[in-house]
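Here is what each chain is made of, one letter per residue.
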Amino acid sequence: YGNFIDDLRLYVRGGTGGMGYPRLGGEGGRGGDVWFVAQERTTLKTIKDRYPQKRFLAGTGANSSVKALKGEKGKDCEVHVPVGISVLCDDGKQIGELNAAGERLLAARGGLGGSLATNFMPCKGQRRIVHLDLKLIADVGLVGFPNAGKSSLLSKISHAKPEIANYAFTTVQPELGKVMYADYKQISVADLPGLIEGAHANKGMGHKFLKHVERTKQLLLVVDISGFQLSIKTRFRTAFETILLLTKELELYKEELLTKPALLAINKMDLPCAKDNLSELMKQLQNPQDFLHLLQEEMIPANTLEFKDIIPISTYTGEGIEELKACIRKSIDEEAEQENEEYRKKKLLLLQTSE
């Protein structure tokens, strides 16, 4: 994964409370808390580099004394984390999520100070090991098998400069690019590491890849018109089979992924027999049920993806790239409009019921 980190394990401990003062019934201060605060432009790598020990401890509460019968609370510890983080316990249970800058999450609570109830002895703070799990938040996620041309496409439509080579696995870490439009609107696109058959079972980079798809608003499947073969040992897949296999991988990982709006980009249209392959593929996509017998039973998805648009492109010649950018924009705008409409309806309902 190179320099990209999307999972980090930390030790957090709330502060111990202060001692009580038995003679005068004084209460010790509470221990400080450990907070995670979401912040733009922070990465898990910066946390790892800045705090190599990966331990975050809050301050101890002040003891009760004759001068101050109620001790002061210990100092809180604030950890700045990236936006789009899920915080998990060591057993995998989710504590919470931070999806917008400025959001806060209590990671470890401080202990109570000594008082009559605790026989004036202070309590220790909460201590636990937590996992910070990052899922990239992007408008569009590029989904496809290795070598389908996702990196080339990202470099064509955005300002990102992914490394591109002519062998299967070039993308090993997610790349984010921004597509700029003439009216200054920007749409973020994430190129995610290539899926392979069996990714849902965590083969290849299975889960590392699939979890990033969860946070994207829309999917853009990128398929090589001439088909795909990972190596000599694996079977050759036509473009139609590739689409079904990608759908199956997404479905097996999380069925809700198939409810996201999806576009299909058919790449490498500059190849000699691309036109014939395309007309064949369009026939198959119009009636997918008639062609399911081409695949083994366990590879057929229960639900097929509905594509809002199918765009033939060539990242080599630039054919269809502008049309694809326009389709992405249209699709994102339609979704936003739909969300606004639903929000307006909800507001209206609330007003009517309150009246």
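Keep in mind the model is a prediction, meaning the values are calculated, not measured. (Residues numbered from 1 in each chain as written. Predicted model: local features only at pLDDT ≥ 70, side-chain atom pairs only at ≥ 80, totals over all residues. Heavy atoms only, no water.)

How do you make sense of the overall build of the protein chain when you look at a structure like this?
Scanning the protein chain from terminus to terminus reveals six helices and 14 strands. Residues counted as buried form 47% of the 355 residues belonging to the protein chain. Surface summary for the protein chain: the accessible area is close to 18900 Å², and the carbon and sulfur share equals 52%. (Helix = DSSP H or I, 4+ residues; strand = E, 2+ residues; numbered from the N terminus. Buried < 20%, exposed > 50% of the residue type's maximum accessible area, 1.4 Å probe, protein only. Areas by Shrake-Rupley, 256 points an atom, 1.4 Å probe, with all protein chains shown as cover.)

Looking at this model, I keep getting lost on the sheet that holds strand S7 (residues 104-108). Mind explaining?
Strands sit in the order S4-S2-S7 across an open sheet of three strands; the sheet is mixed. On the outer flanks of this sheet lie strand S4 (77-81) and S7, each paired with one strand and no other. Across this sheet, the average inter-strand angle for adjacent strands is 30°, counted without regard to direction. Examined bridge by bridge, strand S2 (residues 34-38) and S7 share four bridges and lie antiparallel to one another. Its bridge partner lying in S7, Phe 36 is registered against Leu 105. (Pairing = 2+ DSSP bridges. Axes fitted to C-alpha atoms, helices over the stretch in contact; angles between N-to-C directions.)

Just checking my understanding: could you explain the pattern of salt bridges for this structure?
Pairs may arise between side chains of opposite charge once their charged atoms sit close together. Under the defined criterion, the tally for this structure stands at 19 salt bridges. In this structure, Lys 70 engages Glu 27 in a salt bridge whose closest nitrogen and oxygen atoms are separated by 3.4 Å. With Lys 70 in the loop between strand S3 (55-57) and S4 and Glu 27 in the loop between strand S1 (7-13) and S2, this pair connects stretches of sequence that are 43 residues apart. Under the relative-accessibility criterion, Glu 27 is labelled partly exposed at 37%. Residues Asp 333 and Arg 329 are paired through a salt bridge, measuring 2.9 Å at the closest nitrogen-oxygen approach. Here the residue Asp 333 and the residue Arg 329 both occupy positions in helix H6 (residues 321-354), the gap between them amounting to four residues, near one helical turn. Using a relative accessible area of 18% as the deciding quantity, one classes Arg 329 as buried. (Salt bridge = Lys/Arg side-chain N within 4 Å of Asp/Glu carboxyl O.)

Got a minute to help me understand the side chain of Asp 224 in this structure?
The topology assignment puts Asp 224 in strand S12 (residues 218-224). The class for Asp 224 is buried, based on a relative accessible area of 12%. In this structure the side chain of Asp 224 is engaged in a polar contact, spanning 2.7 Å, whose partner is the side chain of Ser 226. Side-chain polar atoms of Asp 224 contact the side chain of Lys 268, separated by 3.2 Å. Among residues more than four places away in sequence, those in contact with Asp 224 are Asn 147, Ala 148, Ala 239, Asn 267, Lys 268 and Leu 271. (Polar contact = N/O pair within 3.5 Å; in protein donor to acceptor, adjacent residues only side chain to side chain. Contact = heavy atoms within 4.5 Å.)

What is the right way to look at the pairing of strand S6 (residues 94-98) in this model?
The side chains of a regular strand alternate between the sheet's two faces. In this sheet, S6 lies alongside strand S5 (residues 85-89) in antiparallel orientation, the contact comprising four bridges. Paired with Ile 85 across the two strands is Leu 98, which belongs to S6. Linking S5 to S6, which pair antiparallel, is a turn of four residues; within it Gly 92 sits at a positive phi near 90°.

Help me understand the packing of aromatic side chains, please; the structure alone is not making it clear to me.
Two aromatic rings are characterised by how far apart their centres lie and by the angle between their planes. Inspection of the entire model under this criterion finds one aromatic pair. For the pair Tyr 51 and Phe 56, a centre-to-centre distance of 4.9 Å together with 70° between the ring planes defines the contact as edge-to-face. Looking at Tyr 51, the relative accessible area reads 35%, which means it is partly exposed. Since its relative accessible area comes to 4%, Phe 56 is described here as buried. The lysine or arginine in question, Arg 104, covers the ring of Trp 35, its NZ or CZ lying 4.6 Å from the ring centre. Taking the ring centre of Tyr 181 as reference, the NZ or CZ of Arg 329 above it sits at 5.2 Å. (Phe/Tyr/Trp six-rings, centres within 6.5 Å; stacked < 30°, edge-to-face > 60°. Lys NZ or Arg CZ within 6 Å of the ring centre and 35° of its normal.)

Just to check I follow, could you spell out a nonpolar patch on the surface for this structure?
Residues Leu 24, Val 66 and Leu 69 make up a contiguous nonpolar surface patch of about 260 Å² in total accessible area. According to the relative accessible area criterion, Val 66 is exposed, its value standing at 55%. (Patch = residues over 30% accessible without salt bridge, like charges linked within 9 Å, V, L, I, M, F, W, Y side chains within 5 Å.)

Where do I start with the sheet that holds S5 in this structure?
Taken together, five strands build an open sheet; the order of strands is S3-S1-S8-S5-S6 and the sheet is mixed. Of all strands in the sheet, those with a lone pairing partner are S3 and S6, marking the two edges. Taking the axes of each pair of neighbouring strands and ignoring which way they run, one obtains an average angle of 25° across the sheet. Bridge count between S1 and S3: three bridges; the pairing is parallel. Counterpart to Arg 13 in the pairing with S3 is Leu 57.

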